[in-house]
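Structure at a glance
Each chain is listed here by its residues.
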Amino acid sequence: PTSLGAAMTAVQPHKRSNSSSSDQAAQQQLFKPGCRVRVLRGRNFQNFSEREEGELVDLDEECRNCRVLFDGRCEAVQVALKHLRVVIPSQQEADG
């Protein structure tokens, strides 16, 4: 005989580890003007879509967004940082 509490525990979904949130935090530290960024898979919006790449032109850390000049475009677009990943760090980061 199994207690109801044990049965309820068994059906709860497995929690994700904190590694994904620490990976996100590390990525956000790399966001700097001049770095190359790419839109994450599955992110399709009116002004940008998955896998588009461009240069981060300015960053608002408090609002957690930035403006990106995507390849082939004339004007930068505002994008939330959660939709992006850094592809190539800025030259300042590379120089150390």
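Here the structure is shown first, and the text comes after it.
Residues numbered from 1 in each chain as written. Predicted model: local features only at pLDDT ≥ 70, side-chain atom pairs only at ≥ 80, totals over all residues. Heavy atoms only, no water.

1. Quick word on the pairing of strand β3 (residues 65-70)
- In the sheet, strand β2 (residues 53-60) pairs with β3 via six bridges, with the strands oriented antiparallel. The partner of Leu56 across the bridge, within β3, is Val68.
- Remark: six residues form the turn of the hairpin made by β3 and strand β4 (residues 77-80), two consecutive strands paired antiparallel; Gly72 in that turn has positive phi of roughly 80 degrees. (Pairing = 2+ DSSP bridges. Helix = DSSP H or I, 4+ residues; strand = E, 2+ residues; numbered from the N terminus.)

2. Quick look at the nonpolar core
- Ranked by internal contacts, the top residues of the largest apolar core, which has 14 residues, are Phe31, Val37, Val68, Phe70, Val79 and Leu84.
- Of all the elements in the fold, those that place two or more residues in this core are β1 (36-39), β3, β4 and β5 (84-88).
- When residues in this core are grouped by element, the largest group, three residues, is from β3.
- Discounting chain neighbours no more than four positions away, the residues touching Val37 are Phe31, Glu52, Glu53, Gly54, Leu56, Val68, Leu84, Arg85, Val86 and Val87. (Core = buried A, V, L, I, M, F, W, Y, C linked by side-chain atoms within 4.5 Å. Buried < 20%, exposed > 50% of the residue type's maximum accessible area, 1.4 Å probe, protein only. Contact = heavy atoms within 4.5 Å.)

3. Structural notes on the pattern of salt bridges
- Tallied over the entire structure, the rule returns five salt bridges.
- Residue Asp71 pairs with Arg36 through a salt bridge whose shortest N-O separation is 2.9 Å. Taken as a pair, Asp71 in the loop between β3 and β4 and Arg36 in strand β1 lie far apart in primary sequence, 35 residues in all.
- Classification of Asp71 as partly exposed rests on a relative accessible area of 47%.
- The closest approach of N and O atoms between Arg67 and Asp58, which form a salt bridge, is 2.6 Å.
- One salt-bridge network, held together by shared partners, links Arg36, Arg38, Glu53 and Asp71. (Salt bridge = Lys/Arg side-chain N within 4 Å of Asp/Glu carboxyl O.)

4. Focus: the environment of Arg64
- In this fold, Arg64 is placed in the loop between β2 and β3.
- Expressed as a C-alpha distance, the spacing of Arg64 and Val79, which sit 15 residues apart in the sequence, is 8.9 Å.

5. Remarks on the pairing of β1
- With burial as the criterion, only one face of β1 is covered, namely that bearing Val37 and Val39; the residues Arg36 and Arg38 on the opposite face remain uncovered.
- Direction of pairing for β1 relative to β2: antiparallel, over a ladder of three bridges. Directly across from Val37, in β2, lies its bridge partner Gly54.
- Where β1 meets β5, four bridges bridge the pair, whose relative direction is antiparallel. For Arg38, the partnering residue across the bridge sits in β5 and is Arg85.

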